[in-house]
Each structure stands twice: as structure tokens, then as C-alpha cells.
Amino acid sequence: MRYAMAIDTKKCVGCSDCVVACQTENKVPIGYCRDWVVEVTEGTYPMLEMEIRSERCNQCENAPCVRCCPTGASHYSDGGVVLVTPRKCIGCGACIASCPYDARFPHPLGHVDKCTFCSHLITKGMKPACVSVCPTKCMYFGDLDNPRSEVSMVLKNRKWKTLIPEAGTKPHLYFLT
Amino acid sequence: MREEIIISGRMNHLIDPQLNIWHWHIPFYLFLGGLAAGILFFAALYTIQGKEEKYPAAVRKAPFITPIILVAGLLALMLDLNNKPYFWRLYTTIRLESPMSWGAWTLMVVTPISFIWCALNIRDIFPSFDWKYRWIKELEGFFIRHKITMAWILLVFSVILGIYTGILFSAFNSRPLWNTSILGPLFLASGLSTGAAYIMLVSKSHAERIMFSKIDLVLIGIELFLIIHMFMGFLASTQVQIDAAAMFLGGPYTAPFWVLVVFLGMMVPAFLEVMELKNIRIPVLIPGLLVIFGGLMFRFIIAYAGQASRWLY
Ligand code: SF4
Ligand code: SF4
């Protein structure tokens, strides 16, 4: 099983509902976030093009944050989800520096925190909070190894890209373009 | 043409507008680690070669500071941790993939040896020192008998410690400036150079000072060579590394790096050391302190500039 998420940049309107849903569901401390929205405008007026992306940890298959963690607190969990065990984390910040996507933050309690793909929900067969709340239904979630999953289907039928694939992290976040 | 990127909803003052996660602790820790590695390397080397009498400052006097700076370095590392009560977790696993992990273990080997080394030489400072208890004296005898073995272990681990101070950074491919394997040997050379400078400072023998002046000159030469190599590598690499190099070639770090590190920390002391070799009296304090200052600035600049360098997407 390999969990992945596909986000439709053509449908996303940048409302940030996913950000709020995540903060509520995961009790993200005030002043931090596990997901965020990026708007890229390209071109010169009037020939402008805009892309809106809801971003979060890419749950990399070759994760530099797992590699550099001195205690093994950052680890691969079921379905390839990268998780942090708070009781093992010393808060050295190595993983924060190692993430090319800047997806991690130091939790005020001491350990490092980031998107978990809502692992507490997906293990019960539910969808991550951001995916279920999206008003435009622009996010697809599922198992890449299952050809019938929502995410596999949409990746088969649409054009997509991943972010900085040249960093070699094998990201599991796909952006439909 | 890319016009602008707006990131909304990302609230993290430690990441935006640029990574800001490591402050003075880490560069200071790496500087102290490099300095200790340098001093202990020469102490071990000349013990193995049997030149204790020829270079007494290198073998006996200079190492007295190493336990202090190693402990200070570990304290700085501790202060940097966000989850301090879990510090001991560093020592429940060894993860060879993580430089932070094997570096912490290297320190656990080097620090106790530095204490033992000082204990064996304590009579240099207090000639009538007595260990009082018999078992301590027996222990002392044991270590004196195995001094050469200890020196070999120290020699190897001080090199590992010196290289580690650079590899800690170079293991991060997310920060293009750090992501060069030259940083390992470069920080090793810089650590050895600061170590040699410290020995110069505490040495009372002219011959010994001249010897370490020469060693330092060679090391500065190696550092300059590696720095040029590093920038050549960056400029011949991908856009993100070209951008990283640009911070030092016209960008915000140009003046601090070339003036404080290369000019004041390497070229001026090298020039003064050449003068000294030509028998012009130069107070050893000046080149010695400049080299140490340059080494400290080097760590700080690389640590901060590296956090400002990133992938663009
Ligand atoms: S996006 Fe960053 S935090 Fe997430 S798995 Fe990849 S490297 Fe780790
Ligand atoms: S901050 Fe925690 S999770 Fe991150 S590398 Fe350090 S110990 Fe591992």
C-alpha cells in the first residue's frame, strides 16, 4: 500500500478551507500550519496564467527527513506515510532543515510536527480532513498500488506533475495540471 | 517569465521567508568541535611519533582546553534542542545515515579520551599532584601503558570529528549551498588550522611555534584550494547551486565571507606567518587569533547562508 494525494490545480480556488480543516482536526498550535496554499502567477499582463496549489508534506518515498533523523523519531509508517514519534524526537531541527518543501515545524511541546495524511483517520478508512472538507472537491486520496483507487484513476486520466522531482525525494503529492 | 509567488495560509516564522531554524548554537558547536579535533589530532600525532619533548605544547599543554570546549560544544547543542528532556534519545540508537547521530557518538568517544589525556598530564600544571586513591593510580598506570593505543584511537576519531562538522551540513540536499561534499574536508582543514593556531598561541618554544606556523600555512593553502574548488563546483552545477554561489559572489554574503573569512582569517595570518619564517618578529598573538576568529566566522556564515539557500519551485 502506498498512500498518495492528487490535487487539481485547475479546480482549486485557494480558499484555504483545507488549512483551517487541518488546524481544527489536528489541533495544530496557533502560529503554525501543516498545509498551506501557494498561488503562482506567471506571465505579463494581459497574458497571465495562475496556478493555485494546496501544499503539505509530500510523504516522500525517499525522505531526507527520515534519513537525517538521529533518533529514528521520523520514520516510515504503514502505506509509506512519514510520521514523527514525539517521545523519540529531541527537537534537533535536522529534519526541518532537510526538507526541500519546508513542510515541518517545531511544535511548542518540543517535538517536530507535520502533515500525517491524517493517519488517525485513514487507518479507519476515512479521508484526510483537508480532502473531505474541500468545497471544490479538488483533492483525491487513495492507494497508488490499487489501480481502482480514486487517486490512481485520476492520475491515469489527467496530466500531472510533482514538486521538485529533481531533489530525488520521490514525492507522493501529485498536482493535476 | 515568473511574476510572483504568493504563499497564503503558511504560518511559520521559522520557515518563511527563509529557513531560520538554527541560530548561534550549531555553528558555535561545530567551531568548537573542529577546534578540539585540531588540537587533539596534533597531540595524538606527535605522541605516536614520540615527539612529546620536541612539541610539549601540542602534546601536553594545548589539550588541557579540549575537555572544556567539548563540553561547551555539547552544551550549545543541548540548548539548541527543542525537546531537551529527551536528549538521551540520541544515545539509544546509532543511525549511520544521520550525521547528527554518528557525530554525537563520535563526541562520546572523543570527550572522555580528552579528559583522560588531561588527567595524565596534570602534573605539568600541578607538579606535586597526587591522585590519593590507589585504584585511580592503578587506572592512571593502565592508561600510561596504553598511551599509544589511545593516541591512535584519538587520531582516527579526531579526523572523524573534524569531517563530521562539515558533513552535518553537506548531508542536506534541500539546502543547495550545504550540499557539497567539499564541506567535509574543508571544515576538517579549517578545524586543524584553528587547532594549530591555538597550539602556536600557548607554545613557549620558538622552534615549536615555527613548526606550527608552517603547518598552519599548509592548511590555509589547502583551505583556499578547497574554497576555490567549491565555488567552481557550484558554478558548474544546477541553477540552485549557481544561486547559492551567487550569495558569495556579489550577493549579501560577499563582504562578510571574503573579508572576514578569506582575507582576515586566512590571507593576513598566512602573510604574517611567512614574515615570521623570514625572521621578522611578529607577535604570535595576531596570526593565531585571526585564524581562530576566521574559523568561527566561517562556521557562522556557512550556517546562516545555507539556511537562506533553497530550491525554487
Ligand atoms: S515533504 Fe519534507 S517532511 Fe514530508 S516526507 Fe518529504 S522531506 Fe519529509
Ligand atoms: S527534530 Fe526530531 S524528528 Fe526531526 S530529526 Fe531531530 S529528532 Fe528526528
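Up top is the structure.
Presented here is a report on the structure given in the accompanying data block. What you see is a predicted model; the values in this text were computed from it and never measured. (Residues numbered from 1 in each chain as written. Chains lettered and ligands numbered in written order. Predicted model: local features only at pLDDT ≥ 70, side-chain atom pairs only at ≥ 80, totals over all residues. Heavy atoms only, no water.)

Quick word on the sheet that holds strand S1 (residues 3-8) of chain A
All names here are of chain A.
Right, on to step 1. In space, the four strands of this open sheet follow the order S8-S1-S10-S9, with mixed pairing throughout. Where the open sheet ends on each side, the last strands, each with one partner, are strand S8 (139-143) and strand S9 (160-161).
Right, on to step 2. Relative to strand S10 (residues 173-176), S9 is paired through two bridges, and the arrangement is antiparallel. Of the residues in S10, the one forming a bridge with lysine 161 is phenylalanine 175. (Pairing = 2+ DSSP bridges. Helix = DSSP H or I, 4+ residues; strand = E, 2+ residues; numbered from the N terminus.)

Some remarks on the interface of chain B and chain A
Right, on to step 1. The interface of chain B with chain A comprises 41 residues on the first partner and 51 residues on the second.
Right, on to step 2. Counting each side, the surface lost to burial between chain B and chain A is near 4,000 Å², with a carbon and sulfur contribution of 55%.
Right, on to step 3. When residues of chain B are sorted by the area they lose upon contact with chain A, Met11(B), Trp311(B) and Tyr313(B) head the list and together hold 16% of the total.
Right, on to step 4. Here chain B and chain A share two salt bridges between them.
Right, on to step 5. Linking Asp102(A) and Arg175(B) is a salt bridge whose minimum nitrogen-to-oxygen distance equals 2.8 Å. (Contact = heavy atoms within 4.5 Å. Buried area = accessible area lost by both parts, 1.4 Å probe. Salt bridge = Lys/Arg side-chain N within 4 Å of Asp/Glu carboxyl O.)

Section: unusual backbone geometry
All names here are of chain A.
Right, on to step 1. In this structure, the amide linkage connecting tyrosine 45 to the following residue, proline 46, adopts the cis form with an omega of 5 degrees.
Right, on to step 2. Looking at the element boundaries, proline 46 is found in the loop between strand S2 (35-44) and strand S3 (47-56).
Right, on to step 3. With a phi angle near 50 degrees, lysine 137 is a residue other than glycine that sits in the positive phi range.
Right, on to step 4. Inspection of the secondary structure assignment puts lysine 137 in the loop between helix H5 (129-133) and S8.
Right, on to step 5. Exposure remark for lysine 137: the relative accessible area of 56% places this residue in the exposed category. (Buried < 20%, exposed > 50% of the residue type's maximum accessible area, 1.4 Å probe, protein only.)

A word on helix H6 (residues 147-170) of chain B
Right, on to step 1. The end-to-end C-alpha separation of H6(B) is 34 Å, in line with the 34 Å expected for 24 residues at 1.5 Å each.
Right, on to step 2. At Tyr164(B), H6(B) shows its strongest bend, of approximately 35 degrees. (Expected span 1.5 Å × (residues − 1). Bend = angle between axes of the 7 residues up to and from the residue.)

Some words on the nonpolar core
Right, on to step 1. In terms of nonpolar packing, the biggest core is built from 147 residues, with Trp22(B), Phe42(B), Phe169(B), Phe212(B) and Phe248(B) touching the most fellow members.
Right, on to step 2. Among the nonpolar cores identified, the runner-up in size contains nine residues, and Ala6(A), Leu144(A), Val151(A) and Tyr174(A) belong to it. (Core = buried A, V, L, I, M, F, W, Y, C linked by side-chain atoms within 4.5 Å.)

Some words on the pairing of S2(A)
Residues and elements named next belong to chain A.
Right, on to step 1. When you tally the buried positions in S2, you get eight out of 10 residues, the bulk of the element.
Right, on to step 2. Judged from the 10 bridges that link them, S2 and S3 form a sheet pairing that is antiparallel. Residue pairing across strands places glycine 43 opposite leucine 48, the latter belonging to S3.
Right, on to step 3. Between S2 and S3, which pair antiparallel in sequence order, lie two residues.

Let's talk about the packing of helix H7 (residues 183-202) of chain B against helix H8 (residues 206-235) of chain B
Residues and elements named next belong to chain B.
Right, on to step 1. Axis separation between H7 and H8 bottoms out at 9 Å; the angle between their running directions is 160 degrees. Here H7 is positioned roughly antiparallel relative to H8, judged by the angle of their axes. The handedness of the crossing between H7 and H8 comes out as left-handed.
Right, on to step 2. A per-class count over the contact of H7 with H8 returns 16 nonpolar, three polar and four charged. (Axes fitted to C-alpha atoms, helices over the stretch in contact; angles between N-to-C directions. Parallel < 35°, antiparallel > 145°, perpendicular 65-115°, else oblique. Left-handed = near helix turned anticlockwise from the far one by under 90°. Nonpolar A, V, L, I, M, F, W, Y, C, P; charged D, E, K, R; others polar.)

Here's the deal with the packing of aromatic side chains
Residue and element names in this part refer to chain B.
Right, on to step 1. What the rule picks out here adds up to 33 aromatic pairs over all chains.
Right, on to step 2. Geometrically, the ring pair formed by phenylalanine 87 and tyrosine 91 is edge-to-face, given 6.3 Å between the ring centres and 70 degrees between the ring planes.
Right, on to step 3. Members of the aromatic cluster, joined through ring pairs, are Trp22, Phe169, Phe172, Trp178, Phe187, Phe231, Phe234, Phe248, Tyr253, Phe257, Trp258 and Phe298.
Right, on to step 4. It is lysine 147 that lies over the ring of tryptophan 117; its NZ or CZ is 5.6 Å from the centre.
Right, on to step 5. The cationic tip of arginine 299 hangs over the ring face of phenylalanine 187; the distance from NZ or CZ to the ring centre is 4.4 Å. (Phe/Tyr/Trp six-rings, centres within 6.5 Å; stacked < 30°, edge-to-face > 60°. Lys NZ or Arg CZ within 6 Å of the ring centre and 35° of its normal.)

Digging into the pattern of salt bridges
Right, on to step 1. What the rule picks out here adds up to 17 salt bridges over all chains.
Right, on to step 2. With a shortest N-O distance of 2.8 Å, Glu51(A) and Arg53(A) are connected by a salt bridge. The residues Glu51(A) and Arg53(A) share a single accessibility class, namely buried.
Right, on to step 3. The partner of Arg134(B) in a salt bridge is Glu138(B), with the nearest N and O atoms 3.0 Å apart. One end of the pair, Arg134(B), and the other, Glu138(B), are both in helix H5 (residues 134-145), four residues apart, so they sit about a helical turn from each other.
Right, on to step 4. A relative accessible area of 44% means that Glu138(B) is categorised as partly exposed.
Right, on to step 5. Among the charged side chains, a salt-bridge network with shared partners connects Glu51(A), Arg53(A), Glu55(A) and Lys161(A).

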